[in-house]
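# Inside the fold
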Amino acid sequence: PKTWRVHHLMQAKQAGRKLTMLTAYDALTARILEAGGVDLLLVGDSYGNVMLGFDGTLEVSLEHMQVATRAVAHAVSKPLVVADLPFGSYEASPQQAFTSAASLMKQGANAVKLEGGQARVDAVRLLTSSGIPVVGHLGFTPQSENTLGGPRMQGRGAAAQQVIDDALALQESGVCALVLELVPAPLATEITKLLRIPVIGIGAGPETDGQVLVWSDMAGMTDWAPSFVKKFAELGPALRQATEDYCNAVKEGSFPAENNYRME
Ligand code: KIV
Ligand code: NA
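Residues numbered from 1 in each chain as written. Chains lettered and ligands numbered in written order. Predicted model: local features only at pLDDT ≥ 70, side-chain atom pairs only at ≥ 80, totals over all residues.

### Looking at the overall build of the protein chain
Going by this rule: Where helices and strands are cited, they refer to DSSP runs of H or I of at least four residues and of E of at least two residues respectively, numbered from the N terminus. C-alpha atoms define the radius of gyration in this analysis, and the globule rule sets the expected value at 2.2 Å times the number of residues to the power 0.38. Three exposure classes are used. Buried residues have 20 or more other C-beta atoms within 10 Å of their own C-beta, exposed residues have 12 or fewer, and partly exposed residues fall in between, all C-beta atoms being placed from the backbone. For every residue pair, C-beta atoms are placed from the backbone, and the pair is scored as a contact if these atoms sit within 7 Å.
Scanning the protein chain from terminus to terminus reveals eleven helices and eight strands. Taken over the C-alpha trace, the protein chain has a radius of gyration of 20 Å; the compact-globule value for 264 residues is 18 Å, and the two agree within 12%. Seen through its principal axes, the protein chain has C-alpha atoms that stretch 70 × 40 × 35 Å. Counting across all 264 residues of the protein chain, residues that qualify as buried make up 44%. By sequence separation, contacts in the protein chain at least 24 residues apart represent 58% of the contacts at least 6 residues apart.

What follows is the structure, given as structure tokens:
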């Protein structure tokens, strides 16, 4: 599609075309990711750890997400822009979820993402019936890291059925796609086959309908990245080297050279 819309997600699944999603938090990066051909951009609440230096996602506010969503949404025209509802902005009631989600849609989001299963069904129903497409998020859900005991694989053994039931409940309530994070690959495969809507995996094996990664992990901006990440570039070291070269050039007087300025 020239511009990604929600109905293209189901079409992609039916055609067996893999969906590509990356996070984005700013206009500068979003434009580059769009030019690279990514289908969906996620303004994730990983914004907090990745860009704002927070310890986790719990500190991220709705106002933070509004700023990042506006920056990404106005920078691109082709990818579908999904904005995370941050912790504390949607759990109390469907009405709270609607007010928060609407504020992100007003900044240009095409859909919102929220974490959790059966407990979110009423919120998902209200949002979708009010013109707000919703993406679900199951498995390891970072906003619940305190109850889950940290970033750990979810849905092992008997816990698999809970994830399946949650996935079916979300589909039934109208989500347009589901992110599955850190679940065993066989469980992700089973849920992908079971659902009509596309399943986008992260640390969930190769059989989901698509993949999502945090862009800075994918691009090698940092030394550390989770084990399920592949670094497709080494942008961190490249930027460090450019900085070193710039500093040296200024100090030794080789920058600016004659072609870098004009005397008028
Ligand atoms: O905030 C985020 O980056 C996410 C993805 C990892 C799915 O929710
Ligand atoms: Na998130």
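Additional details are given in the paragraphs that follow.
### Looking at the site of ligand 1
The test is simple: In this analysis a residue is considered near a molecule or strand if the C-beta atom, reconstructed from its backbone, is found within 6 Å of that molecule or strand. Amino acid classes used here: Ala, Val, Leu, Ile, Met, Phe, Trp, Tyr, Cys and Pro are nonpolar; Asp, Glu, Lys and Arg are charged; the rest, including Gly, are polar.
In the vicinity of ligand 1, the contacting residues are Thr23, Leu42, Gly44, Asp45, Ser46, Asp84, Val179, Glu181, Ile202, Val212 and Val214. Partitioning the shell around ligand 1 into residue classes produces five nonpolar, three polar and three charged.

### Quick notes on the UniProt feature "active site" (unreviewed entry) in the protein chain
Put simply, the rule is: UniProt positions are given in the numbering used here, feature names are shortened, and annotations may be inferred rather than shown by experiment.
Taken from the UniProt record, the annotation "active site" (unreviewed entry) applies to Glu181. Among the secondary structure elements, Glu181 is positioned in strand β6 (residues 177-181). Among all residues touching Glu181, those that are not within four sequence positions of it are His137, Gly139, Phe140, Ile202, Gly203 and Ala204.

### Some words on the UniProt feature "binding site: 3-methyl-2-oxobutanoate" (unreviewed entry) in the protein chain
In this structure's numbering, the residues bearing the UniProt feature "binding site: 3-methyl-2-oxobutanoate" (unreviewed entry) are Asp45, Ser46, Asp84 and Lys113. Taking the farthest pair of C-alpha atoms as the criterion, the annotated set spanning 69 residues converges on one region, since that pair is 12.5 Å apart. Mapped onto the fold, Ser46 is located in the loop between β2 (40-43) and α3 (47-51). Judged by the 21 C-beta atoms lying within 10 Å of it, Ser46 falls in the buried class. Positionally, Asp84 belongs in strand β3 (residues 80-84). Assessed through the 30 C-beta atoms surrounding it within 10 Å, Asp84 is described here as buried.

### Description of the environment of Leu138
Inspection of the secondary structure puts Leu138 in strand β5 (residues 134-139). Residue classification places Leu138 among the buried positions, given that 26 C-beta atoms sit within 10 Å. Excluding residues that lie within four positions of it along the chain, Leu138 makes contacts with Gly117, Val163, Asp166, Ala167, Leu178 and Leu180.

### Structural notes on the domain arrangement of the protein chain
Put simply, the test is: Either an automatic procedure or a domain database provided the assignment from which the domain bounds are taken.
For the protein chain, the assigned domains read domain 1 (6-233) and domain 2 (235-264). Distance between the C-alpha centres of domain 1 and domain 2: 39 Å.

### What to know about helix α6 (residues 121-129)
Definition in use: As used here, the arc is the angular range of directions from the helix axis to the C-beta atoms.
Turning to α6, its buried residues number three or more, namely Ala123, Val124 and Leu127. Seen along its axis, α6 keeps its buried residues to an arc of 100°; they face one direction. Buried residues along α6 sit against α5 (94-105), β4 (111-113), β5 and α8 (160-173). Phi turns positive one or two residues past the end of α6, at Gly131, with a value near 90°.

### Here's the deal with the sheet that holds β4
We apply this condition: Here, any two strands with at least 2 DSSP bridges between them count as paired. Angles here are taken between N-to-C directions and fall from 0 to 180 degrees, while the axes themselves are lines fitted to C-alpha atoms, restricted in helices to the stretch in contact.
Spatially, eight strands are ordered β1-β2-β3-β4-β5-β6-β7-β8 in a closed barrel, and the strand pairing comes out parallel. Looking at each pair of strands side by side, their axes are set apart by 25° on average, direction ignored. In this structure, β5 lies alongside β6, joined through five bridges in parallel fashion. Counted as the bridge partner of His137 is Val179 from β6.

### Side note on the pairing of β2
Note the following rule: The path from the first strand over the helix to the second decides the hand: if it runs clockwise while the strands point away from the viewer, the crossover is right-handed.
The side-chain alternation of β2 yields two buried faces, one formed by Leu40 and Leu42 and the other by Leu41 and Val43. Pairing of strand β1 (residues 19-23) with β2 involves three bridges; the strand directions are parallel. Looking at β2, one finds that Leu22 is bridged to Leu41. Viewed along the sheet, the connection from β1 through helix α2 (residues 27-35) into β2 turns out right-handed. Bridging between β2 and β3 involves four bridges; their strand directions are parallel. Its bridge partner being in β3, Val43 is matched across the sheet by Ala83.

### Considering the packing of α2 against helix α4 (residues 62-75)
Packed helices, taken two at a time, are described by the angle between their axes plus the distance between the axes. Defined as follows: Here is the rule for angles: anything less than 35 degrees is roughly parallel, anything more than 145 is roughly antiparallel, 65 through 115 is roughly perpendicular, and the remaining ranges are oblique. Each helix crossing is assigned a hand: it is left-handed if the near helix lies turned anticlockwise from the far helix by less than a right angle, otherwise right-handed if that turn is clockwise.
Where α2 contacts α4, the axes come no closer than 8 Å and their chain directions differ by 40°. By the angle between their axes, α2 is oblique relative to α4. Between α2 and α4 lies a crossing of right-handed hand. Contact residues: α2 offers Ala27, Ala30 and Arg31, while α4 offers Ala71, Val72, His74 and Ala75. Its residues assigned to classes, the contact of α2 with α4 shows five nonpolar, one polar and one charged.

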